[in-house]
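So you can see what is in the structure, the chains are spelled out below.
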Amino acid sequence: MSVVDKLKSLHSAEEFFDLLQVEYQPEVLQVLRLHILRRMGQYLVSAEFEGMSEEEIFSASQSMLAQAYEDFIKSNPMAERVFKVLKEHDPTRPPEPGPKPAFVPLTSLKTGS
């Protein structure tokens, strides 16, 4: 079975770390597993494995997982923003084009007589 096929068959973050022989702290992985795996997925999508040997693919995948883990050790999920919901709530991101929600000030509401 190829390295890529093995990666596709894994179900937990710990399995990725064990297969690729990347050291991790369980307490860190417990909190950041989804972020780390999402980042690794981003790295894998941009990788070009064609023409590489299985050893080279293993080494590249190992480096990508180690880098993804390190990204979140040095930073945090809010700074890295790997998920859409976090990207959408980025205060530095310019507002989306289109109509703005209507604002009705309370002073404009009349009370019934």
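Residues numbered from 1 in each chain as written. Predicted model: local features only at pLDDT ≥ 70, side-chain atom pairs only at ≥ 80, totals over all residues. Heavy atoms only, no water.

**Student:** Any chance you could explain the packing of aromatic side chains here in plain terms?
**Tutor:** Any aromatic ring pair is given by two values, namely how distant the centres are and how the planes are angled relative to each other. All chains considered together, the criterion is met by 2 aromatic pairs. Between Phe 17 and Tyr 24 the ring centres are 4.9 Å apart and the planes differ by 55°, which places this aromatic pair in the tilted class. Relative to Tyr 69, the ring of Phe 17 has its centre 5.6 Å away and its plane inclined at 75°; by these criteria the two rings are edge-to-face. Of the two residues, Phe 17 is situated in helix α2 (residues 13–19) and Tyr 69 in helix α4 (residues 54–74); the sequence distance between them amounts to 52 residues. Across the pair, exposure class does not vary: Phe 17 and Tyr 69 are buried alike. The rings of Phe 17, Tyr 24 and Tyr 69 are connected pair by pair, giving a single aromatic cluster. (Phe/Tyr/Trp six-rings, centres within 6.5 Å; stacked < 30°, edge-to-face > 60°. Helix = DSSP H or I, 4+ residues; strand = E, 2+ residues; numbered from the N terminus. Buried < 20%, exposed > 50% of the residue type's maximum accessible area, 1.4 Å probe, protein only.)

**Student:** Mind showing me how you'd approach the nonpolar core here?
**Tutor:** Where a protein is soluble and globular, its nonpolar side chains tend to be buried together. Counting residues in each nonpolar core, the largest one holds 21 residues, and the members touching the most others are Leu 7, Phe 16, Phe 17, Leu 20, Ile 36, Met 40 and Leu 65. Going through the elements one at a time, α1 (3–9), α2, α3 (26–46) and α4 are the ones with two or more residues in this core. Considering every element that reaches this core, the biggest residue donor is α4, with 7 residues. Here Phe 16 is in contact with Leu 7, Leu 10, Leu 37, Met 40 and Leu 65, once residues within four sequence places are set aside. (Core = buried A, V, L, I, M, F, W, Y, C linked by side-chain atoms within 4.5 Å. Contact = heavy atoms within 4.5 Å.)

**Student:** Quick question: what am I supposed to make of α3 here?
**Tutor:** Residues three or four positions apart in an α-helix share a direction because the helix packs 3.6 residues into each turn. Leu 32 marks the point of greatest bend in α3, at about 80°. Here α3 has its buried residues at Val 28, Leu 29, Leu 32, His 35, Ile 36, Arg 39 and Met 40. (Bend = angle between axes of the 7 residues up to and from the residue.)

**Student:** I keep staring at a negative patch on the surface and nothing clicks. Help me out?
**Tutor:** Taken together, the side chains of Asp 5, Glu 54, Glu 55 and Glu 56 define an acidic patch exposed on the protein surface. Considering every element that reaches the negative patch, the biggest residue donor is α4, with 3 residues. Examined against the element boundaries, Glu 54 turns out to sit in helix α4. (Patch = residues over 30% accessible without salt bridge, like charges linked within 9 Å, V, L, I, M, F, W, Y side chains within 5 Å. Areas by Shrake-Rupley, 256 points an atom, 1.4 Å probe, with all protein chains shown as cover. Salt bridge = Lys/Arg side-chain N within 4 Å of Asp/Glu carboxyl O. Lys, Arg positive; Asp, Glu negative; His and termini not counted. Charge placed at Lys NZ, Arg CZ, Asp CG, Glu CD.)

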